[in-house]
Amino acid sequence: LNSLPGVLNNRISSVKLYGNAKARICTNINLGGVCRTINNSRPSLNPLINNRTSSLIVFTGALPPPPPPPAPVTFSTGPINLQQTFSVNLDNGNVGAGGADIWYRAVNALQKFITPINGARIALGDGSNRGFAGCSTASFTNGPVSIWDMPVGTYVCVKTNQGRISQFRLNGYTGTTMNLGYTTWAN
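Below, the structure is looked at part by part. (Residues numbered from 1 in each chain as written. Predicted model: local features only at pLDDT ≥ 70, side-chain atom pairs only at ≥ 80, totals over all residues. Heavy atoms only, no water.)

**Regarding the state of the cysteines**
Step number 1: Following the criterion strictly, the structure yields 2 disulfides and no others.
Step number 2: Sulfur-sulfur distance for the disulfide between Cys-26 and Cys-35 comes to 2.1 Å. Residues Cys-26 and Cys-35 share a disulfide whose torsion about the S-S bond is about 115 degrees; that sign makes it right-handed. The same class applies to Cys-26 and to Cys-35, which are both buried.
Step number 3: Here Cys-135 connects covalently by a disulfide to Cys-157, the sulfurs 1.9 Å from one another. Sign of the S-S torsion, about -70 degrees for the bond between Cys-135 and Cys-157, identifies this disulfide as left-handed. With Cys-135 in helix α1 (residues 131-136) and Cys-157 in strand β11 (residues 155-159), the pair connects residues that are 22 residues apart, well separated along the chain. Considered together, Cys-135 and Cys-157 belong to a single accessibility category, that of buried residues.
Step number 4: When the bonded cysteines of the protein chain are numbered from the N-terminus onward, they pair as 1-2, 3-4. (Disulfide = S-S within 2.5 Å. Buried < 20%, exposed > 50% of the residue type's maximum accessible area, 1.4 Å probe, protein only. Helix = DSSP H or I, 4+ residues; strand = E, 2+ residues; numbered from the N terminus.)

Dropping the structure here:
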């Protein structure tokens with residue numbers, strides 16, 4: 001069970017096993033968090049998992065491999081034409097509207113930055129296409145990234161101010177307008 005129903009969630013305090021059965025119980029959904037493998041019946045569980053179990057698997061023999069993570073679901077995607085001094089909301093692709101996540105800041109003709117705003121965070125990394133999985137584990141910062149560190153073709157990860165994982169690609173320029181393609185995942 002990847003997620004225990006409400007009547008059982010965080011309410012398991014003992015385990016009864018029959019035959020060669022074993023159980024792996026975990027504090028988070030999808031067999032995550034603190035996990036313990038139980039090889040025989042237990043009248044009471046370790047305090048780390050007692051009344052904290054949110055997922056479990058019952059098996060015989062060796063522990064089966066974990067299921068693959070669920071495929072990421074796209075929340076919003078599309079092209080963005082971001083003019084100098086404008087900002088964009090990566091949760092919906094709206095330029096110049098409230099709730100923006102990144103700002104194309106132009107200090108002067110040579111000093112231009114992508115700056116995370118309103119609590120959003122950014123991760124340049126190596127500029128490769130990391131997708132949802134790679135961006136989920138990126139090291140985010142609230143500091144600006146110089147556009148000189150982002151040649152055309154660079155991918156940049158963003159954690160939006162709504163807490164969603166997003167990635168944009170710098171596709172090119174039309175004058176001083178950045179042409180971006182972005183995807184934000186529902187998580």
